[in-house]
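Now for the letters of each chain:
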Amino acid sequence: MQPLVHFALALALPPGGAAPAAASAAAGARVAALQPPPLALRVDSIVQPDGAIGPGGWIVVRNGRIESVGGGAPPAGAAALEFAGGVAMAGFVDVATVLGAGGQLSEPARAFTPEIAAADAFDGDHSDFLAAARTGVTTVGLVPGASNVVGGRIGIVRTSDDDGRGAAVAGHGPLRFTLTEEPFGGLRAPTSRMGALPILREMLANQKMALAGSSLVAADTADQIRIAVETFGAAGRPFALLQPARIDEAIELVTGKTAGAVLGPFDLDSSERDLRVSSLLAAAQIPITFTANGDGNALRLTAALATRSGLEARLARAALSATGARLLGIDGDAGTLEPGRRGDLVVFDGDPLDLAAQVQLVLVGGAAVATEEEAR
Amino acid sequence: MSAASIAVAALLALARTGSETAPAVAPDLAAWQGGELVALQAAEVHLGDGTVHRPGIVLLQDGKVVAAGQGLPLPAGGRVIDCGEAVITPGLVDAACQLGTTSLFGSAEQASEVIPHLDTADAIDFFSRDFIELAAGGVTTVYVTGEASAVISARGAAVKTAGPLAERRLAAKPCVKVTLGPESSGRGVFNRQPSRFGGGASFANRRPTTRMGAAWVFRKAFHDTIAWRDSGRPSNDGLEPAAMAALGEVLAGATALRMQVREAMDFDTTARLADEFGLKYSIEYGTEAAQRLDLLARRAVPVIFGPVRASDSNFESFESAAPALETPKLLAEKGIPFCLTASDGSGDGGLARQAGLAIRFGLDRARALRAVTVDAAAICGLDQRVGRLAPGLDADLVVWNGAPFDDASKPVLVLIHGRPVVDPQGRFRKENS
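Residues numbered from 1 in each chain as written. Chains lettered and ligands numbered in written order. Predicted model: local features only at pLDDT ≥ 70, side-chain atom pairs only at ≥ 80, totals over all residues. Heavy atoms only, no water.

K.L.:
Requested: an account of helix H5 (residues 222-234) of chain A, with residues and values cited.
P.N.:
Note: α-helices contain 3.6 residues per turn, so residues at a spacing of three or four share the same orientation. All names here are of chain A. Taking 1.5 Å of rise per residue, 13 residues should cover 18 Å, and H5 covers 18 Å from first to last C-alpha, within 8% of that figure. Counting buried positions along H5 gives 10 out of 13 residues, so the element sits mostly inside the fold. The set of residues buried in H5 consists of Ala-222, Asp-223, Gln-224, Ile-225, Arg-226, Ile-227, Ala-228, Val-229, Thr-231 and Phe-232. Phi turns positive, to about 65 degrees, at Gly-236, one or two residues after H5. (Helix = DSSP H or I, 4+ residues; strand = E, 2+ residues; numbered from the N terminus. Expected span 1.5 Å × (residues − 1). Buried < 20%, exposed > 50% of the residue type's maximum accessible area, 1.4 Å probe, protein only.)

Below is the structure:
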């Protein structure tokens, strides 16, 4: 095994989230004439980048990107839509899904596979993506599975392409790591954490380039979380924790050390202890985001239950979109409603944390996602 | 005496009388840390080197022992804890602990028979409940030894059983574990499957399945290391350079060698193999050491002995029917350096119980205490940190409600780095960990 060679290969993969290259001015003018008119949406409230619900106004989307937020009037010639009682927020970002995977997302041949990219197991025609988009999810991470210590690059996937059908890969995201017991015990080297950690440390120490976003590290118990903090801290690499169930026993260890935590999904069977983790992390200033395999309704339930157990509503909304985009390294492109960002947004007829609120409209890259009824 | 220390004294009194009544007042132990000078007074203070003061005083500050003895000046304005009739000993040290790893065989790296470059510290779960149970039993330092499924296993790691994470790890003398008896071949997971699933030896998995095979793995690893060291020749058995570098340290005497040996014949094999490469070693577990006393005495081989296990009808060692109960007494009589281990035992099967059994079967009390404190620390190279109550050493100590290691006695207060980690009600003080 020569993991370092593979690591170099992984770094050769292009990063995700790059803004499209600017066309020349002349070409731009010709293209503009062919573009559809801008879309202007009037809503009563707009979720701010920090998650707070702010005043409403007009949101203008042109050429797939957000042009303005909260203006007093739509631009001339815009297709205008008004949503009485509407609340607009950035489309949800779920960083850890297996949506539309063609086959397994674990490659069991070796325990360290940084060269593998989940985007290569991506089936854009899969109906998962449209279903996710209809619930307000506009970007998902396609994560390599838990069977390897280094699982590979996370695929960054938009849930709908420009025609509102299928999905598109937006790039290769951060690496996924697994520090739970799952990679061990099979007929493959190494069979133990003790055997794996020296190899992992060498890989992390020997690569000099920074990947976009934060490495996503699955760690469940307090001690696995300790290992993550020590191993990635020593290498000076930013990391977020994936589903760190017992982080409540290790809050002091991770405070100031992790880029964030991916929590959930929560449901009505979740224990109060698990639900309280969100507010504990928030109190320690640790960014959180939620995962529910790309199901926007399950994400909202997860966020709502976290709120019931003490998480500030503002942070729960930020956890649905802004934090996930930051962890994937695409926060210049997605995750918040700000001019210049992609036109990924969802309009509800109430606070997204209110489970009675319904989706009114979803835009992915400025294009409306057809509802089930419209699609029939 | 402050109100808080009166409360502690009252609780200790309750614990001594064995009262089942729940104390009404909680001790103010949480606030007891930092730079405060603390004095513990007790009817008996054992320093760990054989000295006993009746009565005695231990002075602690900043996690270290300042002084221990008799008639010491009590701190003015400091805290004085009167432990009354209780007995103070150093915290116990287990030199061959198998607890606290990520799972039962969690530290077992099955991919190779030769893994001296790996570190058991990477397999330790610092949050494991095992450590809480060890601390409650008065064990404050453990050397977690390499797992037995590899012939040449990993380096062990010394840790405190409680306290802040940053203070848990200790720098023990580097030591590699070797298992020559049937355990290394028996525990290999690739050997344990039924043969129809590829178990047993085959060209695809060539782990040793016999004593002969295990001895050969040991011998070949050192032959390969010598060839690599002297002429740069890579191992034709696929030993990694890191593994051979670690074995080179063993050959040079910079890393100690610890041989897990249970049966009498394996003492002989161990001596023979060590002589082939000029190696010094200690013995771990040594179940049938009583049958090889002369060999051990002649070579002055340190023995980390135990555990012996009691059952209702008879006493029986782990693997051998030979009675091992008098072995500690015999080792002492022969002048063989030794300490005791509870291996994977804690609570009533823990190290205090091993010391108690050794006393019951002939070892004198003072020597039994040494065998679970300073002598164990010395074998691990930790005796300048732990194992005695002496100025400058870690303030790790146990307050017993009676004679240490008697069946009727138990720890009623355990301090690590001067912080109470187990209180008089037997509760683990998480805030100090």
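Resuming the write-up.
K.L.:
Summarise the confidence of the model for chain B; cite the residues concerned and give the values.
P.N.:
All names here are of chain B. Mean pLDDT over chain B works out to 85, with 82% of the residues at or above the 70 mark. In this model residues 1-7 is a low-confidence stretch, pLDDT under 50, and it forms nine contacts with partners more than four residues away in sequence or in other chains. pLDDT under 50 marks residues 312-317. Its contacts with residues more than four places away, or in other chains, come to nine contacts. Note on the complex model: pTM 0.88, ipTM 0.84. (pLDDT = per-residue confidence, 0-100. Contact = heavy atoms within 4.5 Å.)

K.L.:
I'd like to hear about the interface of chain A and chain B, residue by residue, with values.
P.N.:
At the junction of the two partners, chain A supplies 19 residues and chain B supplies 24 residues. Contact between chain A and chain B buries roughly 1,600 Å² in total, counting both sides, with carbon and sulfur atoms accounting for 59%. Run the count over chain A and chain B and you get two salt bridges. A salt bridge links Arg-169 of chain B to Glu-230 of chain A; the nearest nitrogen and oxygen atoms lie 2.8 Å apart. Of all the elements in the fold, those that place two or more residues in the side of chain A that touches chain B are helix H4 (193-206) and H5 of chain A. In terms of residue count, H4 of chain A provides more of the side of chain A that touches chain B than any other element does, six residues in total. Its residues assigned to classes, the side of chain A that touches chain B shows nine nonpolar, three polar and seven charged. (Buried area = accessible area lost by both parts, 1.4 Å probe. Salt bridge = Lys/Arg side-chain N within 4 Å of Asp/Glu carboxyl O. Nonpolar A, V, L, I, M, F, W, Y, C, P; charged D, E, K, R; others polar.)

K.L.:
Can you explain the packing of helix H5 (residues 211-231) of chain B against helix H7 (residues 264-277) of chain B? Please cite residues and give values.
P.N.:
Each pair of packed helices can be described by the angle between their axes along with the distance between the axes. All names here are of chain B. Where H5 contacts H7, the two axes come as close as 11 Å, and the packing angle between them is 15 degrees. As summarised for this structure, H5 and H7 are arranged roughly parallel, according to the angle between their axes. Both H5 and H7 take part in a crossing whose hand is right-handed. Counting all contacts with H5, which are made through Arg-211, Ala-215, Phe-218, Arg-219, Phe-222, His-223 and Ile-226, the residues of H7 involved are Met-265, Asp-266, Thr-269, Leu-273, Glu-276 and Phe-277. Here the residues of the contact of H5 with H7 are counted per class, giving seven nonpolar, two polar and four charged. (Axes fitted to C-alpha atoms, helices over the stretch in contact; angles between N-to-C directions. Parallel < 35°, antiparallel > 145°, perpendicular 65-115°, else oblique. Left-handed = near helix turned anticlockwise from the far one by under 90°.)

K.L.:
Account for the pairing of strand E20 (residues 397-400) of chain B, naming residues and giving values.
P.N.:
Residue and element names in this part refer to chain B. Side chains Leu-397 and Val-399 project from E20 onto one buried face, and the interleaved Val-398 and Trp-400 project onto a second face that is buried too. Bridging between E20 and strand E21 (residues 411-416) involves four bridges; their strand directions are antiparallel. Residue pairing across strands places Trp-400 opposite Pro-411, the latter belonging to E21. (Pairing = 2+ DSSP bridges.)

K.L.:
Pulling in residues and values, what's your account of the nonpolar core?
P.N.:
When a protein is soluble and globular, its nonpolar side chains tend to lie buried together. Counting residues in hydrophobic clusters, the biggest one holds 77 residues, and the most contacted among them are Ile-152, Phe-218, Phe-222, Leu-257, Leu-279, Leu-340 and Phe-405 of chain B. Non-local contacts of Leu-279 of chain B, meaning those with residues more than four positions away in its chain, are made with Phe-218, Phe-222, Val-250, Leu-251, Leu-257 and Ala-274 of chain B. In this structure, Ala-111, Ala-222, Ile-227 and Ala-357 of chain A belong to the second largest nonpolar core, which totals 70 residues. (Core = buried A, V, L, I, M, F, W, Y, C linked by side-chain atoms within 4.5 Å.)

K.L.:
Which residues make up the packing of aromatic side chains, and what are the values?
P.N.:
All chains considered together, the criterion is met by nine aromatic pairs over all chains. Their ring planes at 40 degrees and their centres at 5.5 Å tell us that Phe-232 of chain A and Phe-239 of chain A sit as a pair that is tilted. As far as burial versus exposure is concerned, Phe-232 of chain A and Phe-239 of chain A are alike and both buried. Here the aromatic rings of Phe-218 of chain B and Phe-222 of chain B are separated by 4.9 Å at their centres, their planes lie at 50 degrees, and the arrangement is tilted. Taken as a pair, Phe-218 of chain B and Phe-222 of chain B lie in helix H5 at a separation of four residues, close to a single helical turn. For Phe-222 of chain B, a relative accessible area of 0% translates into the label buried. Grouping aromatic residues by their ring pairs yields a cluster made of Phe-177, Phe-232 and Phe-239 of chain A. The ring of Phe-131 of chain B has Arg-168 of chain B sitting right over it, with the charged end atom 5.0 Å from the ring centre. (Phe/Tyr/Trp six-rings, centres within 6.5 Å; stacked < 30°, edge-to-face > 60°. Lys NZ or Arg CZ within 6 Å of the ring centre and 35° of its normal.)

K.L.:
So what's going on with the sheet that holds strand E14 (residues 256-261) of chain B? Residues and values would help.
P.N.:
Residue and element names in this part refer to chain B. Read from one edge of the open sheet, six strands run E10-E13-E14-E15-E16-E19, paired in mixed fashion. Taken across any chain shown, the strands that pair with only one partner, and hence form the sheet edges, are strand E10 (152-155) and strand E19 (338-340). Pairwise comparison of adjacent strand axes, ignoring direction, gives a mean angle of 25 degrees for this sheet. As defined by bridge partners, E14 adjoins strand E15 (residues 282-285) across four bridges and the pair is classed as parallel. What sits directly across from Gln-260, in E15, is Glu-284. Packed on one face of the sheet, H7 meets E14 and E15 and runs near 155 degrees to E14.

K.L.:
Could you give an account of the environment of Ser-153 of chain B, naming the residues involved and the relevant values?
P.N.:
Residue and element names in this part refer to chain B. Here Ser-153 lies in strand E10. Spatially, the C-alpha atoms of Ser-153 and Glu-109 are 8.4 Å apart, while their sequence positions differ by 44 residues. A polar contact is formed between the side chain of Ser-153 and the backbone oxygen of Glu-147, at a distance of 2.8 Å. (Polar contact = N/O pair within 3.5 Å; in protein donor to acceptor, adjacent residues only side chain to side chain.)

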